[in-house]
Structure formats: C-alpha cells, structure tokens
Amino acid sequence: MTDEYNALIDNKTWELVPRPYGINVIRSMWIFAHKENSDGSFARHKARLVGDGKTQQVVIDCGETFSPVVKPATIRIVLSLALSKTWPIYQLDVKNAFLHGDLKETVYMHQPLGFRDPNRPHHVCLLKKSLYGLKQSPRAWYTRFAAFVSTIGFTHSRSDNSLFIYRSGSSLAYILLYVDDIILTASSDALRQSIMTMLSSEFAMKDLGPLSYFLGIAVKHHSGGLFLSQRKYDAEIIERAGMSSCKSTSTPVDANPKLSAATGAPYEDPTRYRSLAGPLQYLTFTRPVITYAVQQVCLFMYDPRVEHVNAIKCIIRYIQGILDYGLHLYPSSTSTLVSYTDADWGGCPDTRRSTSGYCMFLGNILVSWSAKRQATLSRSSAEAEYRGVANVVSESCWLRNLLLELHCPIQKATLVYCDNVSAIYLSENLIQHQRIRHIEMDIYFIREKVARAQVPVLHVPSCYQIANIFTRVFP
C-alpha cells in the first residue's frame, strides 16, 4: 500500500484542497489482489488505489468514456506477419498506466483510507491525473499514449485505432495496445530496443521479454511458430460453473432441436447465466470450434431458460476435454486471402432468421471467423447465402485495408467460396434483379467487387465447406 501511495504522490496524481460546497466527491477504495503467472502460480501481492466510478455523475465529473481496444483479428494478423518475417515479438507492461492519463474534467475524491493528512483531515483530493476506477480513465490513458507515440514517428491505423505503425525507409514496427498491455514487434532488434527506450523515457515501462502471456492467453514458442492457449482461463470458467469434476463430451452442442426463447422454465438466476455465457465469448479467441455454440447461448441473455443453462454446461463439458487445445500460428505466405462463407436458412425457431458464418485465411493461417444471426429475414436460401457473402466481403475489405496500412498489401483477388450456386449467380448476373429487389442497397456492393475482379465468388462442394461449423450442429 505504501509503494502504491508513494507512486501516486510522485506522479502528482492529485492535490489536497478544501472541500467546495455542493460538489460531488467520489469514494476512494483499496483493491488487493494476487498476481499470477501464466501457469496459475503465485507471482506477488498487489495493492491498488481506485476511485469509485459508480458515484460519478455524467457531464459533471465525466464525459466521453469510450476507449478503443485492439481487435482479435488484428492481433492474429500482426503475429502472423511477424512470424512470416521472423521478427522478434516482445510484450511490455506499463506500471500504473491509467495514472499517466490527463483529466479534462474536474473530479474530487476522498483521501485514501490509512493515508489521510493529519494536518488537513477534511480536505479532498482534486485529481490531476486519471485513476483506476474512473469511467474516463481508459480513454484518458489511450489519448496520452497515442499522442506520445505519434511524436516518435508512429501513426495509428485507420482500420484499428489501437494499432500503431512505424515506418522509416525499410524499417517497420508495430505496436498493439489493449488498455495497459502492449505487444511490440519490429523488423530489427536494434529498432525494437530504440522504441522501448523512447517509451521508457515517457512512461514507467517494464520489458516482459518475448511474448509469453497476453490478455489471459499463454503464448508458447516452438520451432514451427506460436501456440496460443487459454488453459488457465478455461479452468477459471469451469471452476466458476462448479463443474471441476465433470466428465467431458465430444461435441459443444447438443444435437437436439435448436434452442428457443420460449421453451422450458425460466432460470432462477439470470445474472449467473450471464456471468457464464459472457466469458465464453472471449474463449473463442483461440477456439473457433465453439463459436457457433457460444453464439447460440448468447442469444438468450435477457431471459435465460433451464434449457439454455444446460446448453452452457454442454459447452463447458466440451472445454473440459480440450484444455490442452489452442490455436497454432505458423510462418506462411501472406500474399493470398481466402474466405469461406455459409448460412443456415431460417434456422432460428423464434424469428426464422438465418445464421451466417465465415472464416478467413491469410495464406494458410486462420485469422478471422464469425457466427452471427442475420439482422433481417431472408425469403430464400439463396438470399440468406447472399447476405452471408456480403458479410465476408465486407470483412475481406477491412482486412485488405488493414494489410495495406501494415505495408503488406494483397495483390491478388480475395477468393470467396460459397456452396450455394444461386448466390454465386446473383453476385454476377444482373438479369435476376427481380428476385432480390427487396434486399437492402448495401448488399449490392458485392457485384461491384465481382465486376472489378477484386472478389471472385466461387463454388465449393458442401462436403468441403469449412464454414459449416459456424452455422449448424455437427456430431
């Protein structure tokens, strides 16, 4: 606690002032935690002083609070590029990152418990720097970090604002920012060390060495590339569900009829249901195979039923059997972008909306995937598949722009594989406009991409359609 308090004082986080009349003063709290290593072993004790953001009042002591974080697909692409180019990949940690952010709003806080000034016990802290717990702290830290790296030659990506790119001649470097966790990779070790020196001159930066544990994901280096695993996170979810001794199952989804919002008795504890379903979404970072199952149970967050809880338990039992599984990233050619898309027409028993899914490969590396219920009703399977093609073409445009900013442009056309012949004809044949004249205008950009030979839509037999696992149940 003393170390934390001294760090706050050295950083000039606040100044003591007499309490003004009629102003909102938030609470200060001490949070104690155990820091753990990637294998779950104890690392050290940690004490942190936080402000009670729940007592903040919008417009009065907080304004805009949104702060961008790096997208999962961006992380996988940057790691894939670094592997393919044999660049060193390092991780950095910023000590008390949020304390570096500058506050624009006027925020008052009670003095920390145990460290009240004996000469001014009734004074309050006028915050000059952001503090953990404040609603605007993540945004203030991001703004401060982005402003500094721009002064040393970095530019932030337009495709992902939490990706920062440095280029000087043939020298390249990328920074990925997720709150206070940072991944740094550069074309040479000398450039990497130079960037770390400049960052350390501005922030209390700690070099954690080669990438090994990032956002709860264990990264193991082997002769063939990287292995991303969330075993520790798996164990936490299983323990939270009280299923540590459960038996494993061979499939994450029951083969019975699809889940409905109206069947079965209501679950007595919706909060517990959300606390289990929410973390499963993050688990799909390295487990594409459970994406469809997680998407299904997340449809009923607002009113879960007993059957929905059983579906979550089925997913957890499946995770119990694949604790050692993960996502492999290998050095691969980054000159091609290939995608697969599929749709389950009218699969939702409640709304009869379709579920579309896709997966995308950069070279031979799986970098992006999705399973999502479509926003509108489709009148035919061809229309449902066509909307699925629109989704994957939109994603491919974003990925191509991202790779262009990373100075690794894709020169070849993006191949899109679909197993519905009618959807392929619709993407090329303008004569069949009467069949889809009720579809939104934003879907017509597929034809423009096809006409320019940027996105050929090709047929693939259903038995080779990889995207099937994102749209339906398989044994």
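Relevant structure appears above.
Every value quoted in this text rests on a predicted model; they were computed, and no experiment measured them.

Caption draft 1: Representation of the side chain of Gln 91. In this structure, Gln 91 sits in strand E5 (residues 89-94). In contact with Gln 91, other than residues within four places in its own chain, are Ile 182, Lys 206, Asp 207, Leu 208, Gly 209, Pro 210, Leu 211, Ser 212 and Tyr 213.

Caption draft 2: Structural detail: helix H10 (residues 421-428). For H10, the full list of buried residues reads Ala 423, Ile 424, Leu 426 and Ser 427. Relative to the axis of H10, the buried residues are bounded by an arc of 160° and lie together on one face. In the core, the buried residues of H10 are packed alongside helix H9 (381-405), strand E20 (415-418), helix H11 (445-451) and strand E21 (457-459). Backbone nitrogen of Ser 422 and a side-chain oxygen of the N-cap are separated by 3.1 Å at the start of H10; the cap is Asn 420.

Caption draft 3: Spotlight on the environment of Cys 62. Within the secondary structure, Cys 62 sits in the loop between strand E4 (42-51) and helix H2 (72-84). A residue is classified by how much of its surface remains accessible, and Cys 62, at 1% relative accessible area, is buried. Along the sequence, Cys 62 and Trp 30 sit 32 residues apart, while their C-alpha atoms lie 21 Å from each other. Aside from chain neighbours lying at most four places away, what touches Cys 62 is Gln 56, Gln 57, Glu 105, Lys 135 and Gln 136.

Caption draft 4: Summary view of a positive patch on the surface. A contiguous patch of positive charge on the surface is contributed by Lys 35, Arg 44, Lys 95 and Lys 206. Within the secondary structure, Arg 44 is located in strand E4.

Caption draft 5: How the structure looks around the pattern of salt bridges. Summed over all chains, the structure comprises 13 salt bridges. Arg 287 is the partner of Asp 234 in a salt bridge, and the nearest nitrogen-oxygen pair spans 2.7 Å. With Asp 234 in helix H5 (residues 231-240) and Arg 287 in the loop between helix H6 (270-283) and helix H7 (291-297), this pair connects stretches of sequence that are 53 residues apart. With respect to burial, Asp 234 and Arg 287 carry one shared label: buried.

Caption draft 6: Broad picture of the sheet that holds strand E18 (residues 355-362). The 5 strands lie next to each other as E19-E18-E17-E20-E21, forming an open sheet whose pairing is mixed. Across the chains shown, the open sheet's two edge strands, defined by having one partner strand only, are strand E19 (365-373) and E21. Looking at each pair of strands side by side, their axes are set apart by 20° on average, direction ignored. Across 8 bridges, the pairing between E18 and E19 is antiparallel. Bridged to Leu 362 within E19 is Ile 365.

Caption draft 7: Structural context of helix H4 (residues 189-202). End to end, H4 covers 21 Å across 14 residues, agreeing with the expected 20 Å (1.5 Å per residue, within 8%). Within the span of H4, buried status applies to Leu 191, Arg 192, Ile 195, Met 196 and Leu 199. One face of H4 carries all of its buried residues, which in axial projection span an arc of 135°. In H4, those exposed residues whose orientation departs by more than 90 degrees from the buried face are Ala 190, Thr 197 and Ser 201.

Caption draft 8: Highlighting the environment of Gln 465. Turning to its location among the elements, Gln 465 is positioned in the segment after E21. Among the residues examined, Gln 465 registers a relative accessible area of 4% and is labelled buried. Residues within four places of Gln 465 in sequence aside, it is in contact with Tyr 340, Thr 341, Asp 342, Tyr 417, Cys 418, Asp 419 and Val 460. Separated by 2.9 Å, the side chain of Gln 465 and the backbone oxygen of Thr 341 make a polar contact.

Caption draft 9: Broad picture of the sheet that holds strand E14 (residues 217-222). With respect to topology, 4 strands assemble into an open sheet ordered E13-E14-E15-E16, the strand pairing being antiparallel. The outermost strands of the open sheet, each flanked by one partner alone, are strand E13 (213-214) and strand E16 (327-329). Where strand E15 (residues 225-229) and E16 come together, 3 bridges link them in antiparallel fashion. Bridge pairing links Phe 227 to His 328 in E16.

Caption draft 10: Fine view of the packing of aromatic side chains. Throughout the structure, instances matching the rule amount to 16 aromatic pairs. Here Tyr 5 and Phe 115 contribute two aromatic rings whose centre-to-centre distance is 4.5 Å and whose plane-to-plane angle is 15°, an arrangement assigned as stacked. Taken together, the residues span a long stretch of sequence, with Tyr 5 in helix H1 (residues 2-10) and Phe 115 in the loop between strand E6 (108-109) and strand E7 (124-127) at a distance of 110 residues. With a centroid separation of 4.5 Å and 20° between ring planes, the pair formed by Phe 98 and Tyr 132 is classed as stacked. Pair noted here: Phe 98 is in the loop between E5 and E6 and Tyr 132 is in the loop between E7 and helix H3 (137-151), with a separation of 34 residues, a long-range link. Members of the aromatic cluster, joined through ring pairs, are Trp 141, Tyr 142, Phe 145, Phe 148, Phe 164 and Phe 203. Taking NZ or CZ as reference, Arg 48 lies 3.8 Å from the ring centre of Tyr 132, over its face. In this structure, Arg 76 is placed above the aromatic ring of Trp 369, and the distance from its NZ or CZ to the ring centre is 4.0 Å.

Caption draft 11: Representation of the packing of H6 against helix H8 (residues 306-320) in the model. Where H6 contacts H8, the axes come no closer than 11 Å and their chain directions differ by 40°. One way to sum up the angle between H6 and H8 is to call them oblique. Judged by the twist between their axes, the crossing of H6 over H8 is left-handed. Two secondary-structure elements touch here, H6 through Tyr 273, Leu 276, Ala 277, Leu 280 and Leu 283 and H8 through His 308, Val 309, Ile 312, Ile 315 and Ile 319. When grouped by side-chain class, the residues that make up the contact of H6 with H8 number 9 nonpolar, 1 polar and no charged.

Caption draft 12: Seen up close, unusual backbone geometry. Located in the positive-phi region is Val 179, a residue other than glycine, with phi close to 60°. Tracing the backbone through its elements, the reader meets Val 179 in the loop between strand E10 (171-178) and strand E11 (181-186). At Ala 453, a residue that is not glycine, the phi angle is positive and equals roughly 60°. Secondary-structure assignment places Ala 453 in the loop between H11 and E21.

Analysis parameters
- Residues numbered from 1 in each chain as written.
- Predicted model: local features only at pLDDT ≥ 70, side-chain atom pairs only at ≥ 80, totals over all residues.
- Heavy atoms only, no water.
- Helix = DSSP H or I, 4+ residues; strand = E, 2+ residues; numbered from the N terminus.
- Contact = heavy atoms within 4.5 Å.
- Buried < 20%, exposed > 50% of the residue type's maximum accessible area, 1.4 Å probe, protein only.
- Arc of directions from axis to C-beta.
- Polar contact = N/O pair within 3.5 Å; in protein donor to acceptor, adjacent residues only side chain to side chain.
- Patch = residues over 30% accessible without salt bridge, like charges linked within 9 Å, V, L, I, M, F, W, Y side chains within 5 Å.
- Areas by Shrake-Rupley, 256 points an atom, 1.4 Å probe, with all protein chains shown as cover.
- Salt bridge = Lys/Arg side-chain N within 4 Å of Asp/Glu carboxyl O.
- Lys, Arg positive; Asp, Glu negative; His and termini not counted.
- Charge placed at Lys NZ, Arg CZ, Asp CG, Glu CD.
- Pairing = 2+ DSSP bridges.
- Axes fitted to C-alpha atoms, helices over the stretch in contact; angles between N-to-C directions.
- Expected span 1.5 Å × (residues − 1).
- Phe/Tyr/Trp six-rings, centres within 6.5 Å; stacked < 30°, edge-to-face > 60°.
- Lys NZ or Arg CZ within 6 Å of the ring centre and 35° of its normal.
- Parallel < 35°, antiparallel > 145°, perpendicular 65-115°, else oblique.
- Left-handed = near helix turned anticlockwise from the far one by under 90°.
- Nonpolar A, V, L, I, M, F, W, Y, C, P; charged D, E, K, R; others polar.

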